[in-house]
Amino acid sequence: MISSELEKAPCAICGGIEFAELFKTRDYLYGVPGEFSISKCKNCSLVSLNPRIPKERIASLYPDNYEPYSMSFSQEMLSKLVAGQEGRRILLERHAQKGFALDVGSGDGRFLLCLKQAGWRVAGCELSEKSAAFQRDSLGLDVKTGSLLSSRFDSEIFDAITFWSVFEHLYDPLETLAEAKRVLKPGGVIAMSMPNFDSLERMVFRSKWFCLQPPFHIYHYSPKVMKRIVAETEMKIEKVYYSTTATSLISSMRIAKGHSISVQSDENANDATPTRISGSESRVKQFAKNVVFDCAIVPALRFADLLRLGAYTNYVIRKT
Ligand SMILES: [Zn+2]
C-alpha cells in the first residue's frame, strides 16, 4: 500500500485531529503490502488505524478467501458452522427476549441460521453483495445488501441486534450505534464482540498482536472507551464478558516468531472454548502438547479473563 493511497481521518468519537503514534504494524494475514500506523487520539484515547484506506476502497481489498465469506460448503459443514454459533446464541438469550433479531455483517448467514433454528425471526444486512445474495438465494434468509446505515430498517422493530467481529471494521461507529438504537425496540439488546485493546495479549505482543489486522480493523476499543461511546448514544453497557482463546494467542506467537499464519479470521475466536492443538504431528506429540495446553495454557487464559485482561470482549448493551 503506498502512502498516497491512505487518508488521515479525524477521531470518530470526539472529532480530534491530534494523534500519538503507538507503533507501526503490517497485514500478517492477507498480505496487503505496506506499513500501517496505530495511533491514539490525544483528546479521547480512542485507538485507530491512522492513516487508513478510504472507506470507498476498503471493500475491494477484502480477499475472496476472507473467512466469514466462505460460502462453498456442504450440508455437513454448514451444520458444523451453525453449531459453532451456539455460544453466541446462548449469550444473547441470557439477556434478550426471543423475538426479531438483526445480525449486522451477517457474513455467510451462520449466526442467523442458528437463531432461526432456535425459533427467532431473523434479518441481516451484509456489505458483500456476493455474501448477501448467497444468504438470500441458498439459505432463504432475509438479508439486505449494505450497511446498517444504508439499509434503513423501520424504527423500533428489533428485539436484538448483533455485531459479531464487526464493530472494529466500522468507519462510523457512533452513527451506526445510534442507528442500531433507532431500529431497536425499547428494552431491546445489542450484543457485540470485538478484540480488547487493553488486553494482556495486546500488551505483550504490541505490533505483532493478531487482532490488529490492518487495514481492515479501523478502530481498536477497550471497555473504558466503549463505555464512553455507548453513553454518547444514551444507552448502557449491561455486561462485559471477557474471553481469551488459543486462536489469537497461537497466531500472535507465530507472528512474533516471524512465521506465516494461515488465513483465518477472528470469527469464532471469542467463543468460550479454546481450540486444542492439532496438526500433522504424531499422536503422542499432539497428546503431550494438548496435556500442556489443557493444564497450563487454558487456566492462564481463564485467569486473564478474570482479571479483565482477556483478548476479546463481548458487550451487552440495553436500550432503556
Ligand atoms: Zn478522540
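Residues numbered from 1 in each chain as written. Predicted model: local features only at pLDDT ≥ 70, side-chain atom pairs only at ≥ 80, totals over all residues. Heavy atoms only, no water.

Please explain empty space enclosed by the protein as it appears in this structure.
With a probe scaled to a water molecule rolled over the atoms, the places where space remains empty come into view. This structure, assessed with the given rule, holds three cavities of 30 Å³ or more. Space inside the largest cavity adds up to approximately 50 Å³. If you go around the largest cavity, the residues you meet are Thr25, Arg26, Asp27, Tyr28, Leu29, Ser207, Trp209, Phe210, Leu212, Gln213, Pro214 and Ile255. For the lining of the largest cavity, a count of residues per class yields seven nonpolar, three polar and two charged. Each of two domains, domain 1 (3-58) and domain 2 (67-318), supplies a minimum of three residues to the lining of the largest cavity. (1 Å grid on protein atoms, 1.4 Å probe; cavity = no way out; pocket = protein on both sides within 12 Å on 5 of 7 lines; lining within 4 Å. Points joined across faces, edges and corners; volume = space filled by probe spheres on them. Nonpolar A, V, L, I, M, F, W, Y, C, P; charged D, E, K, R; others polar. Domains from an automatic or database assignment.)

What's the story with the domain arrangement of the chain in this structure? I'm lost.
The figure often quoted for interface size is the accessible area lost as the parts come together. Per the domain assignment, the segments making up the chain are domain 1 (3-58) and domain 2 (67-318). Just the C-alpha atoms count here: the centres of domain 1 and domain 2 sit 22 Å apart. Listed by partner, the interface residues are 28 residues for domain 1 and 28 residues for domain 2. Approximately 2,600 Å² of surface area, both sides summed, lies buried where domain 1 meets domain 2, with 70% of it carried by carbon and sulfur atoms. For domain 1, the biggest contributors to the area lost against domain 2 are Ile13, Tyr28 and Leu29; these three give 25% of the whole. Along the contact surface separating domain 1 from domain 2 lie one salt bridge. Ionic pairing is found between Lys55 and Asp172, a salt bridge with its closest N-O pair at 2.8 Å. Our enumeration of links across domain 1 and domain 2 arrives at nine residue pairs in polar contact (both at pLDDT 80 or more). (Contact = heavy atoms within 4.5 Å. Buried area = accessible area lost by both parts, 1.4 Å probe. Salt bridge = Lys/Arg side-chain N within 4 Å of Asp/Glu carboxyl O. Polar contact = N/O pair within 3.5 Å; in protein donor to acceptor, adjacent residues only side chain to side chain.)

Sorry if this is basic, but what is going on with the pairing of strand E7 (residues 158-164) here?
As a general feature of sheets, a regular strand has side chains that alternate between the two faces. Along E7, seven of the seven residues are buried, which leaves the element largely enclosed by surrounding structure. Summarising the sheet, strand E4 (residues 100-104) and E7 pair through three bridges and their orientation is parallel. Looking at the pairing, Asp103 lines up with Thr162 of E7. Pairing between E7 and strand E8 (residues 184-195): six bridges, direction parallel. Counterpart to Ala160 in the pairing with E8 is Val189. Handedness of the crossover joining E7 and E8 through helix H7 (residues 173-183): right-handed. (Buried < 20%, exposed > 50% of the residue type's maximum accessible area, 1.4 Å probe, protein only. Helix = DSSP H or I, 4+ residues; strand = E, 2+ residues; numbered from the N terminus. Pairing = 2+ DSSP bridges. Right-handed = clockwise from strand over helix to strand, strands pointing away.)

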